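Here are the chains, one letter per residue:
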Amino acid sequence: MTATVLDPRTALVVVDLQKGIVGLPAAHPTADVVARSVTLADAFRAKDLPVFLVRVTGGAPGRNEGRAPAGKPAADWAEIVPELGPLDSDIVITKQQWGAFHGTALDLELRRRGITQVVVTGVATSIGVESTARAAHEHGYHVTVATDAVTDMDAEAHNNSIEKIFPRLGETDTTEAIVKLLG
């Protein structure tokens, strides 16, 4: 669990820290995940490095065995939590599935900015964060996951991603260590 380096052109990708998701029960307090993501966002902004705020507004159309959400979501369900902004310099990506790459402009926007590495935070560790980290790896980006700035609704799924999946996709470390690497 050690990040060794951040490329000069690294972006922060914050997954699904939106009003309708941070209010769900989670394995770790979502307030802590938000606070650590804000710490990272502030550090990236201070270095003029891009911050991508990803939100989900729908779902992929395929059948699954999971429960469909009951009722209509609140009007502000997809709004990014106010602690994060967005600021004018941030790029908001809206997705319709778990990962932030498929069907969005994320890869295009990263490449336009010459980004070679992404630091990923957010909710849920085993769903949106892992899907985004996997796709980033498959697209050839160096991947770092801030392990104390992610959580999941299922502690076992969270631990599996942290311990078994993320180390195979890139590097992992704490928010504090990643901020130190930014210099």
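None of these values were measured; they are calculated from a predicted model. (Residues numbered from 1 in each chain as written. Predicted model: local features only at pLDDT ≥ 70, side-chain atom pairs only at ≥ 80, totals over all residues. Heavy atoms only, no water.)

(A) Main features of the overall build of the protein. The number of helices and strands found in the protein is six helices and six strands. Counted from the first residue to the last, the protein has its helices and strands arranged as β-α-α-β-β-α-β-α-β-α-β-α. Relative to the compact-globule value of 16 Å for 183 residues, the protein shows a C-alpha radius of gyration of 15 Å, a close match. Summarising its shape, the C-alpha atoms of the protein cover approximately 45 × 35 × 30 Å along the three principal directions. Nonlocal contacts in the protein, meaning residues at least 24 apart in sequence, comprise 85% of its contacts between residues at least 6 apart. Working note: accessible area of the protein is about 9,300 Å², and carbon and sulfur atoms make up 52% of it. Side-chain charges of the protein comprise 17 positive and 23 negative groups, with the mean position of each set lying 5 Å from the other. (Helix = DSSP H or I, 4+ residues; strand = E, 2+ residues; numbered from the N terminus. Rg over C-alpha atoms; globule rule 2.2 N^0.38 Å. Contact = heavy atoms within 4.5 Å. Areas by Shrake-Rupley, 256 points an atom, 1.4 Å probe, with all protein chains shown as cover. Lys, Arg positive; Asp, Glu negative; His and termini not counted. Charge placed at Lys NZ, Arg CZ, Asp CG, Glu CD.)

(B) Structural context of the environment of T132. Here T132 lies in helix α4 (residues 125–138). Along the chain, T132 and H102 lie 30 residues apart, while their C-alpha atoms are 9.0 Å from each other. Not counting residues up to four positions away in its chain, the partners in contact with T132 are V13, V15, W98, G99, A100 and F101. Among the polar contacts made by the side chain of T132, one reaches the main-chain amide nitrogen of A100 at a distance of 3.0 Å. (Polar contact = N/O pair within 3.5 Å; in protein donor to acceptor, adjacent residues only side chain to side chain.)

(C) Looking closely at the packing of aromatic side chains. For the coordinates displayed, the defined rule picks out one aromatic pair. Ring geometry for F101 against Y141: centres 6.1 Å apart, planes inclined by 35°, an arrangement best described as tilted. With F101 in the loop between β3 (91–95) and α3 (106–112) and Y141 in the loop between α4 and β5 (142–151), the pair connects residues that are 40 residues apart, well separated along the chain. In this structure F101 comes out as buried when scored by relative accessible area, which is 8%. Given a relative accessible area of 4%, Y141 falls into the buried group. (Phe/Tyr/Trp six-rings, centres within 6.5 Å; stacked < 30°, edge-to-face > 60°. Buried < 20%, exposed > 50% of the residue type's maximum accessible area, 1.4 Å probe, protein only.)

(D) Main features of the packing of helix α2 (residues 30–46) against helix α6 (residues 175–182). Orientation of α2 relative to α6, taken along the N-to-C sense of each, is 0°, at an axis distance of 10 Å. With respect to their mutual orientation, α2 and α6 come out roughly parallel. Residue-level inspection shows R36, T39, L40, A43 and F44 of α2 in contact with α6, the latter providing T175, I178, V179 and L182. (Axes fitted to C-alpha atoms, helices over the stretch in contact; angles between N-to-C directions. Parallel < 35°, antiparallel > 145°, perpendicular 65-115°, else oblique.)

(E) Geometry of the side chain of T10. Counting through the fold element by element, T10 comes out in strand β1 (residues 10–15). Of note is the side chain of T10, whose polar atom sits 2.7 Å from the backbone oxygen of D7. Looking at T10, its side chain comes within polar contact range of the side chain of Q117, at 3.4 Å. If we ignore the near neighbours within four places in the chain, the residues touching T10 are F44, L49, P50, I115, Q117, V118 and V119.

(F) Expanded view of the environment of T30. Topologically, T30 is positioned in helix α2. The exposure class of T30 is buried, given its relative accessible area of 12%. Residues T30 and L87, spaced 57 residues apart in sequence, show a C-alpha to C-alpha distance of 21 Å. With residues up to four places along the chain from it excluded, the contact list for T30 reads V22, L24, V123 and T151.

(G) Just the packing of α4 against helix α5 (residues 155–169), in detail. In contact at an axis separation of 10 Å, α4 and α5 are set at 5° when each is read in the N-to-C sense. It follows from the interaxial angle that α4 and α5 lie roughly parallel. For the pair α4 and α5, contact is made by T125, S126, V129, E130, A133, R134 and H137 and by A157, H158, S161, I162, I165, F166, R168 and L169, respectively.

(H) Looking closely at the pairing of β1. Within β1, six of the six residues are buried, which leaves the element mostly enclosed by the surrounding structure. Covered by surrounding structure in β1 are T10, L12 and V14 together with A11, V13 and V15, the residues of both alternating faces. Relative to strand β4 (residues 117–123), β1 runs parallel, the two being bridged by six bridges. Across the sheet, T10 pairs through a bridge with Q117, a residue of β4. (Pairing = 2+ DSSP bridges.)

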